[in-house]
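Summary of the model geometry
The residues making up each chain are set out below.
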Amino acid sequence: MFKDISLTLFNNQELISLLVLESGVLVFSYMLYQYLKKKGKFQTSADQQTVHKNRWTLMDTLISATITIMFLVIALWQLGATAMPQTRWQPTQANESFILEIEDGSSAFDRLYLLSGEGDNNALDSGYQLGLKNIVIEGSNDLSKWEQITRVEDSSYLQWEVIDGQWNYRYLRITAGELRNVINEIGIKRAGFDEFLPLRVYSKDPTGKFDPQLVIDEQAKLTIDPLYLNETYFDEIYHVRNAQEIAEGQVMYAFVHPLLGTQIIAAFINLLGNNPFAWRIGGVLFSAAMIPLLYDLSRRLFKKTFYASLGAIFLACDFMHLTTARIATLEPFSVFFIILMTYFMIRYLQMNFYKDDFKKTLGLLALSGISMGIGVSVKWTGAYAGLGLAVLFFASLFARYSEYRRAKKQTDPSFEEKHIVEVFPKYCLITLLWCCLWFVLIPLTIYALSYLPCIINRNVGWSLSEVIKQTVGMYNYHANLEATHPFQSVWWQWIVDARPIWYYHHVSDSVVYTISAFGNPFIWWSGLLAVLFCIFDFIKNKAKTAGIIVVCYFAQLIPWMLVTRCVFIYHYYPAVPFLILALVYALKRLIEIDPRYQKRVIVFTVLCVILFVLFLPATAGFGTTKSYIDGFMRWFPSWYFG
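Residues numbered from 1 in each chain as written. Predicted model: local features only at pLDDT ≥ 70, side-chain atom pairs only at ≥ 80, totals over all residues. Heavy atoms only, no water.

To continue, consider the overall build of the protein chain. Broken down by element type, the protein chain carries 21 helices and 10 strands. For the protein chain, whose C-alpha radius of gyration is 28 Å, the value lies close to the compact-globule estimate of 26 Å for 642 residues. Each principal axis of the C-alpha atoms in the protein chain carries an extent, and together these give about 110 × 60 × 50 Å. Taking all 642 residues of the protein chain together, 56% fall into the buried category. (Helix = DSSP H or I, 4+ residues; strand = E, 2+ residues; numbered from the N terminus. Rg over C-alpha atoms; globule rule 2.2 N^0.38 Å. Buried < 20%, exposed > 50% of the residue type's maximum accessible area, 1.4 Å probe, protein only.)

Written out as structure tokens, the structure reads:
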């Protein structure tokens, strides 16, 4: 009922339910604020200016938690089914067949469902399956005369093959033309009704290793109209397949990225089962964790709760942040560790080893290096961020060297200047050696060890030479890739939000379910102007914060300017947090020029949130109408949603 009303009023089946839940979060947060305020838990505004420069407060916890929970409500809503068929049948020999019988004697059906997943790789010399390849389904009423219903020539991993028609057969014979076929489940829909016909195995090949009963033993997990909730979509067919192989200790069929992020997905599969919710929950949690992380980074850079809140809100209501959180790919894990390594480096930059605890500065560098090692072990884009960190680190070291030179030139040095002259050579050498350990040796160790739980090649154990071999293989794959894609784009299209990538589309009873990855245009367009302002402010006024943001942003963008292979707008995602920091920086400078702009900034932020809500049907896959897609969401011909 709510879905129909919500679709009619807002062109979004889920909006009313979401508004009720989000209102509850806001009301609870406000009541908690009032309660804590009466208890005197919040400091006065006069105290906050000092506290926010150095210390996380209860107010910071309340604000960041509220924004994060509100994001989680949307990110978890209709994320994916918690169950899908797991057991699977695969032939012991080519052209092996079995026969299914409709148990209740019915013979009329109008839809066939087939699901193919990952079989027993370890039992095959080839080491991988083809899915549904050359599967022939025939029908009969007397077990002597057989007529072909369909031939399935291809399929994708854990995606439903749905075949419509009108048939009247009591028996179905399924023949697997390839040894490497895998069938997880078969379903037959009763003609004219939204229900499945009961099936039993009538006969099977006695030499077969796998029982055909496995294709009909999980009928309760079938759904009449499968959506993204019930299957993989886009690049999940690769990442989830690898994750299942890791979870089950199987030989991996192929991979083109480091495996630590895939192991995180595998951990959730082991914990929650091999189902869409389990594949995607890790990405949601890591994406949610980015929000308080960026909040604290903004707080440390801009020194006020208001600007920290802006950073968190902009990230939470960015389209790509939501879409990427809800699909089981590597980006949420990669971007989280990119932000984390930058967070620790910026904390280091805000210290000075002449004045601050030297051991603490080394600790921050170690944490940054460990985060970089994990990030690179998830996806190589972490190395791009590492180059940015190197620029920032050496800029900081050069600043310490400049202070050392000035102090050394003094004829009558002060106590502080004597201290600088005394400790710089020692501190500089220790810091450089420390960075060699934590930004080179430790990341390489993390990267190499991340392959340990994975069976990369049959009968070949882990070794450093195997890790190097696989790394070279991945590099050659990406360097020599000549594939094309209808939604590929280049970097200059990303920065102006010109070419979304279309992930998913399905129509059911005139309700459209579609998912595309692109950015909130209000944030991305204004953010691009803010980046240009940061460049200007850094060059003209030597603004340190602006320089840091510019380096972090371009560390993620410039490498993609040099790539000539097929790439997509989601490759811009690691730069988005720094685009947001640039936007907050520019808005802060605007308010500093004229405080009256603060109200306009609040209005702009509200508009960003409203636009985020209006585009949920295109970013989260919530049911909508074709007229809403064409009438509102398609602002430009290049914005395609099906």
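Next comes the rest of the account.
So, about the pairing of strand S9 (residues 501-508). As judged from the 7 bridges shared by S9 and strand S10 (residues 511-517), these two strands associate in the antiparallel manner. For tyrosine 504, the partnering residue across the bridge sits in S10 and is isoleucine 515. Between S9 and S10, which follow one another and run antiparallel, lie 2 residues, and aspartate 509 among them has a positive phi close to 50°. (Pairing = 2+ DSSP bridges.)

For the rest of this paragraph, the subject is a nonpolar patch on the surface. The grouping of Leu449, Leu452, Trp462, Leu464, Ile468 and Val472 at the surface amounts to a nonpolar patch, some 570 Å² of accessible area in total. For the nonpolar patch, the element with the most residues is helix H14 (residues 464-480), which contributes 3 residues. With respect to the helices and strands, the residue isoleucine 468 is situated in helix H14. (Patch = residues over 30% accessible without salt bridge, like charges linked within 9 Å, V, L, I, M, F, W, Y side chains within 5 Å. Areas by Shrake-Rupley, 256 points an atom, 1.4 Å probe, with all protein chains shown as cover. Salt bridge = Lys/Arg side-chain N within 4 Å of Asp/Glu carboxyl O.)

Looking at the element boundaries, arginine 326 is found in the loop between helix H9 (319-325) and helix H10 (331-349). Of note is the side chain of arginine 326, whose polar atom sits 3.3 Å from the side chain of tyrosine 228. Among residues more than four places away in sequence, those in contact with arginine 326 are Ile74, Ala75, Leu76, Trp77, Gln78, Leu79, Tyr228, Tyr233, Glu236, Arg280, Ala620 and Phe622. (Polar contact = N/O pair within 3.5 Å; in protein donor to acceptor, adjacent residues only side chain to side chain. Contact = heavy atoms within 4.5 Å.)

Judged by pairing direction, the sheet is antiparallel, and its 5 strands sit side by side in the order S4-S3-S6-S1-S8 without closing on themselves. Every other strand in the sheet has two partners, leaving strand S4 (147-152) and strand S8 (199-204) as the edge strands with one partner each. Along the sheet, successive strands turn relative to each other by an average axial angle of 25°, direction set aside. Looking at chain direction, strand S3 (residues 135-140) and S4 are connected through 5 bridges and run antiparallel. Paired with valine 136 across the strands is arginine 151, a residue of S4. (Axes fitted to C-alpha atoms, helices over the stretch in contact; angles between N-to-C directions.)

Turning our attention to the side chain of serine 396. Mapped onto the elements of the fold, serine 396 is located in helix H12 (residues 381-409). Residue serine 396 is classed as buried on the basis of its relative accessible area of 8%. Once residues within four sequence positions are removed from consideration, serine 396 is found in contact with Tyr348 and Leu349.

The next point concerns the pattern of salt bridges. If you walk through the whole model with that rule in mind, you get 26 salt bridges. One salt bridge connects glutamate 118 with arginine 241, and the closest N-O pair in it is separated by 2.5 Å. Taken together, the residues span a long stretch of sequence, with glutamate 118 in the loop between strand S2 (108-115) and S3 and arginine 241 in helix H5 (residues 236-248) at a distance of 123 residues. Each member of the pair, glutamate 118 as well as arginine 241, carries the same accessibility label: buried. Glutamate 195 serves as the salt-bridge partner of arginine 190, at 2.4 Å between the closest nitrogen and oxygen. Look at glutamate 195 and you get partly exposed, because its relative accessible area is 35%.

Let's shift gears to the sheet that holds strand S5 (residues 160-168). On the basis of which strands lie adjacent, the open sheet formed by 3 strands has the order S5-S2-S7 and antiparallel pairing. Each end of this open sheet is capped by a strand with a single partner; those strands are S5 and strand S7 (185-190). Adjacent strand axes in the sheet meet at a mean angle of 20° when their direction is disregarded. Across 6 bridges, the pairing between S2 and S7 is antiparallel. In the sheet register, leucine 115 faces S7, and the bridge partner there is glutamate 185.

Right, let's talk about the pairing of S2 for a bit. Burial analysis of S2 places 7 of its 8 residues in the buried class, which makes it a mostly covered element. The pairing of S2 with S5 spans 7 bridges and is antiparallel. Across the sheet, the residue bridging to alanine 108 is asparagine 168, located in S5.

To continue, consider the environment of tyrosine 202. Within the secondary structure layout, tyrosine 202 lies in strand S8. On the accessibility criterion, tyrosine 202 (38% relative accessible area) is partly exposed. Sequence spacing of tyrosine 202 and tyrosine 171 is 31 residues, and the spatial spacing of their C-alpha atoms is 8.3 Å. Look past the residues within four positions of tyrosine 202 in its chain and what remains in contact with it is Ile99, Leu100, Glu101, Leu143 and Tyr171.

All right, on to the packing of aromatic side chains then. Within this structure, the stated rule accounts for 60 aromatic pairs. On the basis of an interplanar angle of 85° and a centroid distance of 6.3 Å, the ring pair of tyrosine 113 and tryptophan 160 is categorised as edge-to-face. Of the two residues, tyrosine 113 sits in strand S2 while tryptophan 160 sits in strand S5, which places them 47 residues apart along the sequence. Grouping residues by exposure puts tyrosine 113 and tryptophan 160 together as buried. Here phenylalanine 487 and tryptophan 502 contribute two aromatic rings whose centre-to-centre distance is 5.8 Å and whose plane-to-plane angle is 65°, an arrangement assigned as edge-to-face. Of the two residues, phenylalanine 487 sits in the loop between H14 and helix H15 (491-495) while tryptophan 502 sits in strand S9, which places them 15 residues apart along the sequence. The rings of Phe319, Phe518, Phe522, Trp525, Phe615, Tyr628, Phe632, Trp635, Phe636, Trp639 and Phe641 are connected pair by pair, giving a single aromatic cluster. The ring of tyrosine 253 has arginine 241 sitting right over it, with the charged end atom 3.9 Å from the ring centre. (Phe/Tyr/Trp six-rings, centres within 6.5 Å; stacked < 30°, edge-to-face > 60°. Lys NZ or Arg CZ within 6 Å of the ring centre and 35° of its normal.)

Between the first and last C-alpha of helix H18 (residues 576-593) there are 26 Å, a value that for 18 residues agrees with the 26 Å anticipated at 1.5 Å per step. Buried residues dominate H18, accounting for 14 of its 18 residues. (Expected span 1.5 Å × (residues − 1).)

On to the packing of helix H11 (residues 358-378) against H12. Orientation of H11 relative to H12, taken along the N-to-C sense of each, is 155°, at an axis distance of 8 Å. One element, H11, and the other, H12, form an angle in the roughly antiparallel class. Contact with H11, carried on its side by Leu365, Ser368, Met372, Gly375 and Val376, involves Gly382, Ala383, Gly386, Leu389 and Phe393 of H12 and no other residues of that element. The residue makeup of the contact of H11 with H12, split by class, is 6 nonpolar, 4 polar and no charged. (Parallel < 35°, antiparallel > 145°, perpendicular 65-115°, else oblique. Nonpolar A, V, L, I, M, F, W, Y, C, P; charged D, E, K, R; others polar.)

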